[in-house]
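Residue-level structure breakdown
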Amino acid sequence: MAIKVAVIGAGTMGHALALVYALGGHEVRLTDSSMTMLDKAGGLMETALASLVEAGEAPATCTAEWLHTQVSRLPMLAETVAGADLIVEAIVENPEVKRLLFAELDRLAPMEAVIASNTSYLDPFPLMPERRQARALVMHWYTPPYLVDLVDIVGGPKTDPAIIAWSSDVVSAMGKVPLVMQKFVPGYIANRIQSAIAAEVYRLLDEGVCTAEDIDTAVVHGLALRIPVVAVMAKADFTGLPLLQHALRNATYQPPPPRANSDTLDKLIEEGRTGVMSGAGYYDWGGDTQALMAARDRRLMALKKAMREIGTMAGATRAQE
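Model, not experiment: these values are computed from the prediction.

About the criteria used
- Residues numbered from 1 in each chain as written.
- Predicted model: local features only at pLDDT ≥ 70, side-chain atom pairs only at ≥ 80, totals over all residues.
- Heavy atoms only, no water.
- Salt bridge = Lys/Arg side-chain N within 4 Å of Asp/Glu carboxyl O.
- Helix = DSSP H or I, 4+ residues; strand = E, 2+ residues; numbered from the N terminus.
- Pairing = 2+ DSSP bridges.
- Axes fitted to C-alpha atoms, helices over the stretch in contact; angles between N-to-C directions.
- Phe/Tyr/Trp six-rings, centres within 6.5 Å; stacked < 30°, edge-to-face > 60°.
- Buried < 20%, exposed > 50% of the residue type's maximum accessible area, 1.4 Å probe, protein only.
- Parallel < 35°, antiparallel > 145°, perpendicular 65-115°, else oblique.
- Left-handed = near helix turned anticlockwise from the far one by under 90°.
- Contact = heavy atoms within 4.5 Å.
- Nonpolar A, V, L, I, M, F, W, Y, C, P; charged D, E, K, R; others polar.
- Polar contact = N/O pair within 3.5 Å; in protein donor to acceptor, adjacent residues only side chain to side chain.
- Core = buried A, V, L, I, M, F, W, Y, C linked by side-chain atoms within 4.5 Å.
- Right-handed = clockwise from strand over helix to strand, strands pointing away.

**Some details on the pattern of salt bridges**
Going through the model one piece at a time under the given rule, you end up with 17 salt bridges. We note a salt bridge from Arg308 to Glu57, for which the minimum N-O separation is 2.8 Å. Here Arg308 is found in helix 13 (residues 289–310), whereas its partner Glu57 is found in the loop between helix 2 (35–54) and helix 3 (64–70), with 251 residues between them in sequence. For the salt bridge of Glu200 with Arg203, the shortest nitrogen-to-oxygen distance reads 2.7 Å. Of this pair, Glu200 and Arg203 both sit in helix 7 (residues 190–206), separated by three residues, roughly a single helical turn.

**Regarding the sheet that holds strand 1 (residues 4–8)**
Judged by pairing direction, the sheet is mixed, and its eight strands sit side by side in the order 3-2-1-4-5-6-7-8 without closing on themselves. Where the open sheet ends on each side, the last strands, each with one partner, are strand 3 (71–73) and strand 8 (177–180). Geometrically, the sheet is characterised by an average inter-axis angle of 25 degrees between neighbouring strands, direction not taken into account. Bridge analysis of strand 7 (residues 150–155) against strand 8 gives four bridges, and the strand direction is parallel. Residue pairing across strands places Val151 opposite Pro178, the latter belonging to strand 8.

**Re the packing of aromatic side chains**
Under the defined criterion, the tally for this structure stands at three aromatic pairs. Ring plane angle 65 degrees and centroid distance 5.8 Å describe the contact between Tyr21 and Trp141, whose orientation is recorded as edge-to-face. Taken as a pair, Tyr21 in helix 1 (residues 14–23) and Trp141 in strand 6 (residues 136–141) lie far apart in primary sequence, 120 residues in all. With respect to burial, Tyr21 and Trp141 carry one shared label: buried.

**Notes on the packing of helix 1 against helix 2**
One way to put it is that helix 1 packs onto helix 2 with a least axis distance of 9 Å and a crossing angle of 50 degrees. Classed by the angle they form, the pair helix 1 and helix 2 counts as oblique. Read as a crossing pair, helix 1 and helix 2 show a hand that is right-handed. Taken together, the residues of helix 2 that come into contact with helix 1 (itself represented by His15, Ala18, Leu19 and Leu23) are Ala41, Leu44, Met45, Ala48, Leu49 and Leu52. For the contact of helix 1 with helix 2, a count of residues per class yields nine nonpolar, one polar and no charged.

**A word on the side chain of Asn118**
Residue position: Asn118 is located in the loop between strand 5 (114–117) and strand 6. Side-chain polar atoms of Asn118 contact the backbone nitrogen of Trp141, separated by 2.8 Å. If we skip the residues at most four places from it in the chain, Asn118 touches Met13, Leu17, Glu89, Ala90, Met139, His140 and Trp141.

**A short note on the pairing of strand 1**
Most of strand 1 is tucked away: four of the five residues are buried. Alignment of strand 1 against strand 2 (residues 27–31), held across five bridges, turns out to be parallel. Bridge pairing in strand 2 places Lys4 opposite Glu27. In this sheet, strand 4 (residues 86–89) lies alongside strand 1 in parallel orientation, the contact comprising four bridges. Within strand 4, the residue paired with Ala6 across the bridge is Ile87.

**Quick word on the nonpolar core**
Tyr21, Leu30, Leu86, Met139 and Trp141 are the most contacted members of the largest nonpolar core, which totals 43 residues. For this core, the leading source of residues is helix 1, giving seven residues. Counting residues in hydrophobic clusters, the runner-up holds 22 residues, among them Ala6, Ile8, Ala113 and Leu127.

**Here's the deal with the environment of Val7**
With respect to the helices and strands, Val7 occurs in strand 1. A residue is classified by how much of its surface remains accessible, and Val7, at 0% relative accessible area, is buried. Residues Val7 and Thr80, spaced 73 residues apart in sequence, show a C-alpha to C-alpha distance of 7.9 Å. Beyond its immediate stretch of four places on either side in the chain, Val7 contacts Gly14, Ala18, Val28, Arg29, Leu30, Thr31, Thr80 and Val88.

**What about the pairing of strand 7?**
Extensive coverage of strand 7 is indicated by the burial of five of its six residues. Bridge count for strand 6 against strand 7 is five bridges, and the pairing is antiparallel. Looking at the pairing, Trp141 lines up with Val151 of strand 7. One crossover worth recording links strand 7 to the parallel strand 8 by way of helix 6 (residues 161–173), and it is right-handed.

Pasting the structure below:
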């Protein structure tokens, strides 16, 4: 069943979520407080869609013209959320900014609308007006959401269970994989694991043990081959649990202590090297953001197609042979 979706925030996640819902057959309205970002979102969506069509991951009928009939980019929040069934919050991870937005949504949005936050780490429920709590939840996607299928779904203390079930059905109907969590924890599962990896990465960089390229080499040629097939817990079974038990007892690895910053990361940001959108981060990327996104997407789609044929031995969709 097609629904009306309003996406608030047209940045890295917002424009991509608008595309996902459009491909799912829904009517989408997209807005942003920055007109520059809203204008840029059109080109980013077109580039991503062209890559999907070229790879056979979207129908050939999904042209740029089709996209702009499915996704309306609007400058005003009130116009964007009018009549919406689902409102997707995809703005900056700042609690006060989110609180202000939720207050505006409370004033402008239909009372029957479901409000879904895409927050990665913040608990959005204390930031929401009381009367919206029953129809509010987290629907957290991963970049790029039109290729990464996992969606974390988390209700708040007062969320109606029927809303969680409805949201899960919406996600499943689009061919994605909803993971319904029992309660909110910052970072959910995948991001918490990534945070543990990031803590070690920052230590290695800050202590001068290796370069950013060395880390990626170790991941690509060491971890990445096994993870799609046997993930983490299934790999433990293949390794043998007694060996892991001995490793824990020996305690030869000490995780880094919690830190609020990374000297290496801080220095890059001070230099204006904020990532692909700025043309440089840990790597020098150049200025063609759309071309870089398309190159990333082509590789991810090739991997996704290969994994459909190969199958996995881990997780809820593991292959039985």
